[in-house]
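The chain contents come next:
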Amino acid sequence: MSGRKETVLDLAKFVDKGVQVKLTGGRQVTGTLKGYDQLLNLVLDEAREFLRDPEDPMKTTDQTRQLGLIVCRGTAVMLVSPTDGTDEIANPFVQPDGA
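Note that this is a predicted model, so its numbers are computed, not measured.

J.: In this structure, what is going on with the sheet that holds strand β2 (residues 28-36)? I would like to understand it.
T.: Strands belonging to one sheet form pairs held by backbone hydrogen bonds; the direction of such a pair is parallel or antiparallel. The sheet built from five strands is open, its strands ordered β4-β3-β2-β1-β5 with antiparallel pairing. Looking at the sheet topology across the chains shown, the edges are occupied by β4 (60-72) and β5 (77-82). If you compare each strand with its neighbour and ignore which way they point, the axes differ by 30 degrees on average. Relative to β4, strand β3 (residues 42-52) runs antiparallel, the two being bridged by eight bridges. In the strand pairing of β4, A47 is matched with G68.

Listed below in structure tokens is the structure:
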């Protein structure tokens, strides 16, 4: 066993590709991953933040704002996922209004 600590998440395959990042507090951003470090600090270019619903701060809306080049602090990162190969689907657990 080496003394080196390895991360479970291999971000090298996502460099220069689109990623979606969810942060503590409900913020959600997408952008091109330009770099990262062992503390999971992320550098995103052409970043876009999804604005939150004023009535329910934990929900995001379709409205976005351009952020440009940003650094996401590793302690705030909850989820990193590629934007390619993912599709949004309807929630199968939501009951129709008439039911």
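J.: Could you clarify how one ought to interpret the environment of K34 in this entry?
T.: The residue K34 is located in strand β2 in this model. C-alpha of K34 to C-alpha of F14: the two residues are 20 residues apart in sequence and 8.7 Å apart in space. Residues in contact with K34, not counting those within four places in the same chain, are V15, D16, V43 and D45. Of note is the side chain of K34, whose polar atom sits 3.1 Å from the side chain of D16.

J.: Where do I start with the environment of V19 in this structure?
T.: Along the polypeptide, V19 turns up in strand β1 (residues 18-23). Residue classification places V19 among the buried residues on the basis of a relative accessible area of 1%. Remark: the alpha-carbon pair of V19 and T32, spanning 13 residues in sequence, is separated by 6.1 Å. For V19, the contacting residues outside a window of four places in its chain are F14, V29, T30, G31, L33, L44, V80, S81, P82 and T83.

Calculation criteria
Residues numbered from 1 in each chain as written. Predicted model: local features only at pLDDT ≥ 70, side-chain atom pairs only at ≥ 80, totals over all residues. Heavy atoms only, no water. Pairing = 2+ DSSP bridges. Helix = DSSP H or I, 4+ residues; strand = E, 2+ residues; numbered from the N terminus. Axes fitted to C-alpha atoms, helices over the stretch in contact; angles between N-to-C directions. Contact = heavy atoms within 4.5 Å. Polar contact = N/O pair within 3.5 Å; in protein donor to acceptor, adjacent residues only side chain to side chain. Buried < 20%, exposed > 50% of the residue type's maximum accessible area, 1.4 Å probe, protein only.

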